[in-house]
Amino acid sequence: MTSSTTALELPAPASGAIEHTPRAQPPVRPWVEFLVVGGATLLLFPIAWALRGVVGLDTGELVFGFTFFHAARVLNDPHFAVTYLLFYRDARVRLFGDAFAPLQRLRYLAAGVLVPAGLFVWCAWALTAGSAHALGLMIQLMFLLVGWHYVKQGFGVMVVLSARRGVRFALSERRAILAHCYAGWGYAWANPFDPGRARFEKGVVYDSLPHAAWMEPVALAATIGTGLWLGFVLVRKWRRDGALPLLTPLTALLASIWLWLIFSAADPMVRYALPAMHSLQYLYFVRLMRGNEAAEREGPPWFGTSRKTRLAMLAISAALLGGLLLRGLPMSLDAFVLPDAGLGDLGPTPYFAAIHAFVNLHHYFMDAVIWRRENPETAYLLA
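Nothing here was measured: the structure is a model prediction, and the numbers come from that model.

*Asks:* I keep staring at the side chain of Lys 237 and nothing clicks. Help me out?
*Replies:* With respect to the element layout, Lys 237 can be found in helix 7 (residues 215–241). At a separation of 3.3 Å, a polar atom in the side chain of Lys 237 contacts the side chain of Glu 173. Discounting residues that sit within four places of it in the chain, Lys 237 has contacts with Val 167, Arg 168, Phe 169, Glu 173, Gly 242 and Leu 244.

See below:
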């Protein structure tokens, strides 16, 4: 959701936007919400340790790797695909009508037309030129922005879940949360120090861009400093406002920063699961927004399709589109086009690498539009 702001921010109708009167779907049990927004990651560590002790490291890694390889088909791929379904829904109305305010329409144009056009040209140039360097730059941009994507989603999840519990953050408090998000992203990217070395990703071998040696300690200091600032802000808010029901929102935030980024390599087995955990968090909020919208439209004046049917259709569409975008299309191109294209220097799966980078990067930019408070549909998050 992760983005200029990939975040779920508090919705406030934009000028000229269509306002909604949200109607809530049946609530989710608190412990289920805790697990799906980040708490499940905490359980994976003892599971991994126990599995390693029972069957050994090699078999344990095999089990985790197999499980979360297939989880990618169920969670990761649909989480990318559903972004396209959300973003391009009623595209003409959003771009040329009054559903969005002017600035939001410009964001929509940039993320929906300009960004994919630029990424397509980049991919086409890298593939036709057989340039591992050009494709490697795109992959490195993907890795740089994925941390930004994760922490902004964590920020948005914390803000929305807090608002749903009656807790609102002042501007200075939001800045403290965001500062720790950005610092954590910077440290996760700068650590470990990389002087520039050969990398292998999706079959493509390329040389990484070097990091300056000073970046790691500076980013670490910023992460610690902003963490202390955030702790001070939350304690001050607690003392001023009384008890704060922030266990689940804060878990979602810290899991996004600390478990999924900074300490992502703490356990080699749990690392297999992190993309699935991020996707699960994302899909929960898709279900929250689209489910509340569907619940509202079950009644007058629409009397539309039932909420369960709408959500089932969305899930099936996302699964099919995800399978096509991230499995069927690249595998077909690598199998049938590559032998005649002369791209052997890019490795055995250059189309898979290019399409994977394209979809990831486009996902980040589309999220920057979907989950902004200027999008009137985000009002359904607070139903």
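*Asks:* It is not clear to me how the packing of aromatic side chains should be interpreted in this structure. Could you clarify?
*Replies:* Each aromatic ring pair is characterised by the separation of its centres together with the angle its planes make. Tallied over the full model, the rule gives 11 aromatic pairs. Where Phe 45 meets Trp 49, the ring centres are 6.1 Å apart and the plane angle is 50°; that geometry is what we call tilted. Pair noted here: Phe 45 and Trp 49 are both in helix 1 (residues 30–55), with a separation of four residues, about one helical turn. Between Phe 64 and Phe 68, the aromatic rings sit 5.6 Å apart at their centres with planes inclined by 45°, giving tilted as the arrangement.

*Asks:* So what exactly am I meant to see when it comes to the environment of Leu 250 here?
*Replies:* Checked against the element boundaries, Leu 250 lands in helix 8 (residues 247–262). If we skip the residues at most four places from it in the chain, Leu 250 touches Met 158 and Leu 234.

*Asks:* Hey, could you run me through helix 1 in this one?
*Replies:* Structural remark: α-helix, 3.6 residues per turn; residues separated by three or four positions point the same way. The principal kink in helix 1, of about 80°, is found at Gly 38. For helix 1, the complete set of buried residues consists of Glu 33, Val 36, Val 37, Gly 38, Gly 39, Ala 40, Thr 41, Leu 44, Phe 45 and Ala 48. In this structure, the buried side of helix 1 is in contact with helix 2 (57–87), helix 5 (132–164), helix 8 and helix 9 (274–297). A positive backbone phi angle near 95° is found at Gly 56, which sits one or two residues after helix 1.

*Asks:* Can you walk me through the nonpolar core in this structure?
*Replies:* For soluble globular proteins, nonpolar side chains are generally found buried alongside one another. In terms of nonpolar packing, the biggest core is built from 93 residues, with Val 37, Phe 68, Ile 177, Phe 285 and Trp 371 touching the most fellow members. Sorting elements by how many residues they give to this core places helix 5 first, with 16 residues.

*Asks:* What exactly am I supposed to notice about the side chain of His 363 here?
*Replies:* Tracing the backbone shows His 363 in helix 11 (residues 350–370). One polar contact links His 363 to Thr 83, side chain to side chain, over a distance of 2.9 Å.

Procedures and definitions
Here the residue numbering is sequential within each chain, running from 1 through the sequence in written order. For a predicted model such as this one, the threshold for reporting local features is a pLDDT of at least 70, and the threshold for listing and counting side-chain atom pairs is 80 or more; totals across whole chains, interfaces and linings nevertheless cover every residue. With hydrogens and water excluded, all non-hydrogen atoms of the structure serve as input to the side-chain values. Put simply, DSSP marks the helices as runs of H or I at least four residues long and the strands as runs of E at least two long, and each gets a number from the N terminus on. Side-chain atoms alone can form a polar contact between residues adjacent in sequence; in general such a contact is a pair of N or O atoms within 3.5 Å, and within protein one must be able to donate a hydrogen while the other accepts it. A contact between two residues is defined here by any heavy atoms of the two lying within 4.5 Å. Each aromatic pair joins two rings of Phe, Tyr and Trp (for Trp, the six-membered one) with centres within 6.5 Å, and gets the label stacked for planes under 30 degrees apart, edge-to-face for over 60, and tilted for any other angle. A residue's bend is given by the angle between axes fitted to the 7 residues ending at it and the 7 residues starting at it. Categorising residues by exposure relies on relative accessible area from a 1.4 Å probe, with only protein chains included: less than 20% of the type maximum marks a residue as buried, more than 50% marks it as exposed, and the intermediate range marks it as partly exposed. To qualify as a nonpolar core, a set must consist of buried Ala, Val, Leu, Ile, Met, Phe, Trp, Tyr and Cys residues joined through side-chain atoms within 4.5 Å.

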